[in-house]
Amino acid sequence: MSGAGTLERDAGRPGLNGPGTVGLGLRLAVNGGREAVTRLVILAVAVGLGVGLLLTAVAATNAVTAWNNRHAWFWTGTQQAAPGPATARGGQQSAPLWWHPTSDIYDGQTISRFDVAATGASSPVPPGLSHDPAPGTYYASPALAALLRSVPADQLADRYPGHLAGIIGDAALPSPSSLVIVVGRTPAQLATAVGSVKVTAIATTMPNGGGGNGAISSARNGPRQRSQANFNPNGLRYTPADIGIPASGSDLILSVVALAILLPVLIFIGTATRLSAARREERFAAMRLVGATRTQVSALATVESTAAAVAGVAAGFAVFSGLRIPVAGIPFVAQPFFPGELTLSLFDVIVVAVGVPAAAAVAARLALRRVNISPLGVTRRVTPKPPGAWRVVPLLLGLAELGFWAGHGHPASIQGQIQAFVTSFALIITGLFIAGPWLTMAAARLMARRTSRPGTLIAARRIGDDPRAAFRSVSGLVLALLVTTVATIAIATQDAKNPTRFGNVAESHVLTAQISASSAAAENGGLGARSGIANPGPAAPAAPLAARLSAVPGVQGVLVVRAVPGLTIPGRFENLGVNEFGVNADGSGPPVPAGVVSCAQLATVPALGRCPAGAATAKFPADGFNGPLGFNSKVDTYTWPAADVPAAGLPALGVDGIDMATNGATATVERARTLLEASVYPTVSPPSSYADIAARDNSQNSGYQQLANVVIGVSLVIAGCTLAAGIAAGLAERKRPFSLLRLTGARLSTLRGVVALEGAVPLLTVAVVAIGTGFGAAAMYATEAQNRPMAAPGLAYYLLTAGGIIVSLAIIAATFPILTRITGPETARND
């Protein structure tokens, strides 16, 4: 009664409702005995942890935006990107810069390459450089420069003409791990290279539309047109693979983060601010009995909660400072961040610094509404009004809205889709939280009707008495289960939709290069179009190049696809769905351009099929990506139709492509790739093994998978913190009632059963609903947004879900040893 006595002594002091109340509130928080100090410290620590996580989540979203904006200059020369300010001297237009973007691969890692040629001193300069590189020199990012130094030159450095002249500054790089190179060329070299454009400014802003993976266009359009599926502005048809995310896609990611990460953090902070709420209610009710007014009690509660929240906010900023560097290393968007990008704006700081204490003050006032009604309303524990069945309506409305989009189609624009789906999932999440207390109450009533055990009846009565409080402690985990279910199923469905699957190891080790060049490009020392034009490569260099490739250790065979204009073969697309891009039920589809191969060479690359018996040459797809690879998983069983071109006539034909069987070793693949890129044959895209193609085609899926992993991991961690805070609050509230139960003869095992049921019943009840809701929402999303039936999640999902529930039950069971200490007779004293 020390707090009530202090108030009784100070009640007559003037200004108690002003500064005096603040001083008294601080005295009660600090000098109110060991319990008051412990309560203040626990609340400050919990709020500090929550604020630290909140600030980290906000900073991470800011880092995503900064990471994305650093890709803006990669879009230079495209119609999607707005050009930056042109360099002008003496009022004259800046001299143009020849710009030729391509990409490269090393050991599955994408390298963004930019060949440039300045036409004057005023030509624009790429970011991160002080001047344009001179012909015969190149600048590399720190990560790529380190890679160039660490691997033999015949595996990577020999691809780039000249020598390393310097390092690209961090200001131009999206990530510390970005692999970027800017190669200096002469204007004459780039003027004749198909795919080059003249630019007068470097792009500085990300485009609002378009996007996807720029290095590989969709293979839906056939081998000669597929490059144009990405970009065909100003003759630029090929761009680097690492181009970031268009603004609309970034909006989608930030919306997902806001729903799936920020909301659990806010729930945790809300739970933390309610620690020992019941004890505060009893203490303030005692103050009302000795003469304190409602205004005084509310002011004291506000001061106490605000003081703890202010201390927690200060601790939260310290937690954020400690988390910045570790979080920056997490590949949130498949790449780590620069630590300096995890920053907070002034607005973010003000909102958190002011908003959290204000929210704590509001929560404190709302928590005392029973005290404000009557002091005896707390001491007699008046049962609050039970939640009504109407609470399930918002959840059903969210599912109905998502079902509407599934049945009638989503809006055409990206922004419209974001608004539609985010609104639907936000309503589902909110509806689940609103329905949670009613579902908890329904489960408690069912449990009470089906049992006669004392412990079960006590637990059912306590849950039914305040189902809101019972659900609150498990709400974070419920949200985590919903998010995990939807994210896992969405990724599984996308993976099932992806056509790039190889059937065996041998196919994955085939290195394929689609050749497409003009005579001018061939004369330029191999700087080619990489753009899907129809001209084949020159005939003469193929034989000596094939011999050099065959001499690489680990290369098991070389297949040269010779060009025959107008030749086609029936398409085979077994891994695509029926009616997708014109595919029939038997996997056949539209004809694809073909070349001719030597059956003797094809026998050295058995993963790509075989010739008819006795044939010397066979018709073979001109494009290995669309051809035997990419859409089929049994290529090694194919028998390609015989061709009427004699084997002796093959060396006179141009070259459509070169395919190599390798042992899959990194050194083998990269040496062969370097030979191809340094040859006179320009390629439509970097020479790629099938594993490279699959990984590159799946790059966007990998990014979303990484996002899903981060969201799932963070939400589960926050859910555990929320559950721990809820259990801590519950223990403080149970001390006196459980002590009284023990005095009346209740066994400790009975009380342990009560504690277990109070946590497990709401957890398991609403978890079942959350998982079921997640499956239903994911099924509708798959039908509408992914154009495919829902794919069942893998074993990892079920293990993760079961593990999360088991860990949560373990947290509940961890309170059992504490019961003996907190339920002793001394705790039952009359406070």
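Residues numbered from 1 in each chain as written. Predicted model: local features only at pLDDT ≥ 70, side-chain atom pairs only at ≥ 80, totals over all residues. Heavy atoms only, no water.

**Student:** What should I look at first to understand a nonpolar patch on the surface in this one?
**Tutor:** Side chains of V37, V41 and V45 sit close together on the surface and give an oily, nonpolar patch of about 240 Å² of accessible area. Along the chain, V37 falls in helix 3 (residues 34-69). Accessibility expressed as a relative area gives 34% for V37, which makes it partly exposed. (Patch = residues over 30% accessible without salt bridge, like charges linked within 9 Å, V, L, I, M, F, W, Y side chains within 5 Å. Areas by Shrake-Rupley, 256 points an atom, 1.4 Å probe, with all protein chains shown as cover. Salt bridge = Lys/Arg side-chain N within 4 Å of Asp/Glu carboxyl O. Helix = DSSP H or I, 4+ residues; strand = E, 2+ residues; numbered from the N terminus. Buried < 20%, exposed > 50% of the residue type's maximum accessible area, 1.4 Å probe, protein only.)

**Student:** Hey, could you run me through the state of the cysteines in this one?
**Tutor:** Chemically, a disulfide is nothing more than a covalent bond linking the sulfur atoms of two cysteines. One pass over the structure, following the stated rule, counts 1 disulfide. Covalent S-S linkage joins C599 and C611, the inter-sulfur distance amounting to 2.1 Å. Between C599 and C611 the disulfide shows an S-S torsion of about -100°. By sign, it is left-handed. Residue C599 is found in helix 20 (residues 599-602), and its partner C611 is found in the loop between helix 20 and strand 10 (617-621); the two are separated by 12 residues along the sequence. (Disulfide = S-S within 2.5 Å.)

**Student:** Mind showing me how you'd approach the pairing of strand 11 (residues 655-662) here?
**Tutor:** Regular strands have side chains that alternate between both faces of the sheet. Where burial is concerned, most of strand 11 is hidden: 8 out of the 8 residues are buried. The sheet contact formed by strand 7 (residues 510-514) and strand 11 spans 5 bridges and is antiparallel. Note that in strand 11 the partner of V510 across the bridge is A661. (Pairing = 2+ DSSP bridges.)

**Student:** Just to check I follow, could you spell out the sheet that holds strand 6 (residues 197-199) for this structure?
**Tutor:** Hydrogen bonds between backbone atoms are what pair the strands of a sheet, whose relative direction is either parallel or antiparallel. The 6 strands lie next to each other as 4-3-5-2-1-6, forming an open sheet whose pairing is mixed. Each edge of the open sheet is held by one strand with a lone partner, namely strand 4 (163-167) and strand 6. In this sheet, adjacent strand axes meet at a mean angle of 35° when their direction is disregarded. Bridging between strand 3 (residues 137-140) and strand 4 involves 4 bridges; their strand directions are parallel. Looking at the pairing, T137 lines up with H163 of strand 4. Packing against the sheet, helix 4 (residues 142-150) makes contact with strand 1 (97-106), strand 2 (109-118), strand 3, strand 4 and strand 5 (180-184), and its axis sits at approximately 115° to strand 3. Across the sheet, helix 21 (residues 666-677) is in contact with strand 1 and strand 2; its angle to strand 1 comes to roughly 155°. (Axes fitted to C-alpha atoms, helices over the stretch in contact; angles between N-to-C directions. Contact = heavy atoms within 4.5 Å.)

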